[in-house]
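Residue strings, one per chain:
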Amino acid sequence: GIQLKSHVGLDDQTFAELLPTGMQAIEREFRQHASAESLKLFYYVRDEAAREELHTYSDGTTTVTDEGHAGMKIGDFLTAKESTLANLAECNVCGLRLYTTNAYRDLNSSLRSDDADKRRWFQMTIYYIDEAIDKLRSVEAILNPRAFMQTSTYWKGIKDRRLPTEVMEQGG
């Protein structure tokens, strides 16, 4: 939205110039500002078929990346039912996929920075992610109106904390 664009230093003129560049804007931002790992992830998301891979993190937790999506390329994600209903563009899908990888660290670091220049590093990537989330909210309302209307609880600021199962299931 407007507040986010302001936070990442995206003025109207810059926005008008960059919006039509889509994937080129994301690639430029990643080539200029991303870590080597995040740049590799950009090319993986943009160019390669998804692979299910088991990852173990430093805290011992594990996750399977791209679980259930093996073999899918960005075009397949783009033509998925939800993407089509939301009218997502390739840059929206790319941004969302990047945020579900370790590239989220570079994106969050930029967003949380006190340095206004650093907050501009991924301004279009962040814009495309935000736009995609807004579009997908309406799809959820269409596909699952009952669940969409239910109250959800989101936890913030509880990194590295374990909550009792009943709190996670019932709220607290």
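As shown above, the structure is provided for reference.
This write-up is about the structure you can find in this document. (Residues numbered from 1 in each chain as written. Predicted model: local features only at pLDDT ≥ 70, side-chain atom pairs only at ≥ 80, totals over all residues. Heavy atoms only, no water.)

1. Topic: unusual backbone geometry
Test applied: Starting at the N terminus, helices and strands are each numbered in turn, a helix being any DSSP run of H or I of at least four residues and a strand any DSSP run of E of at least two.
The phi dihedral of D66 is positive, around 55 degrees, even though this residue is not glycine. Mapping D66 onto the fold places it in the loop between β2 (62–65) and α5 (74–78).

2. Thoughts on the layout of surface pockets
The criterion, for reference: We place a 1 Å grid over just the protein atoms. Points where a 1.4 Å probe fits but has no way out form a cavity, open points with protein on both sides within 12 Å along at least 5 of 7 lines form a pocket, and any residue with an atom within 4 Å of a point lines it. Grid points are joined across faces, edges and corners, and a volume is the space filled by probe spheres set on the points. Gly falls in the polar group here, along with every residue not listed as nonpolar (Ala, Val, Leu, Ile, Met, Phe, Trp, Tyr, Cys, Pro) or charged (Asp, Glu, Lys, Arg).
The volume enclosed by the second largest pocket comes to roughly 650 Å³. Contributing elements (two or more residues each) for the lining of the second largest pocket: α6 (81–86), α7 (90–99), α8 (104–112) and α10 (123–143). At 5 residues, α10 tops the list of elements feeding residues into the lining of the second largest pocket. Partitioning the lining of the second largest pocket into residue classes produces 14 nonpolar, 4 polar and 5 charged.

3. Concerning a nonpolar patch on the surface
We apply this condition: To count toward a patch, a residue needs a relative accessible area over 30% and no salt bridge; like charges are then connected within 9 Å, while nonpolar side chains (Val, Leu, Ile, Met, Phe, Trp, Tyr) are connected within 5 Å. Areas reported as accessible are Shrake-Rupley estimates using a 1.4 Å probe. Residue values count occlusion only from the protein chains shown. What makes a salt bridge here is a side-chain nitrogen of Lys or Arg within 4 Å of a carboxyl oxygen of Asp or Glu, nothing more.
Together, L85, I142 and L143 give the surface a local cluster of nonpolar side chains, amounting to about 280 Å² of exposed area. Within the secondary structure, I142 is located in helix α10.

4. Examining the nonpolar core
Let me state the cut-off plainly: Buried Ala, Val, Leu, Ile, Met, Phe, Trp, Tyr and Cys residues form a nonpolar core when they are joined through side-chain atoms within 4.5 Å. Each residue gets one of three labels from its accessible area relative to the maximum for its type: buried under 20%, exposed over 50%, partly exposed in between, using a 1.4 Å probe on protein chains only.
In terms of nonpolar packing, the biggest core is built from 32 residues, with M23, I26, F30, F42, C94, L98 and M124 touching the most fellow members. Mapped by element, the contributors of at least two residues to this core are α2 (12–18), α3 (23–33), α4 (36–47), α5, α7 and α10. Ranked by residue count, the leading element in this core is α10, at 7 residues.

5. Details of the environment of L143
The test is simple: Whether two residues touch is decided by their heavy atoms; if any such pair falls within 4.5 Å, the residues are in contact.
Secondary-structure assignment places L143 in helix α10. The exposure class of L143 is partly exposed, given its relative accessible area of 39%. A C-alpha to C-alpha distance of 8.9 Å links L143 and E82, two positions 61 residues apart in sequence. Filtering out sequence-adjacent residues up to four positions away, L143 remains in contact with K81, E82 and L85.

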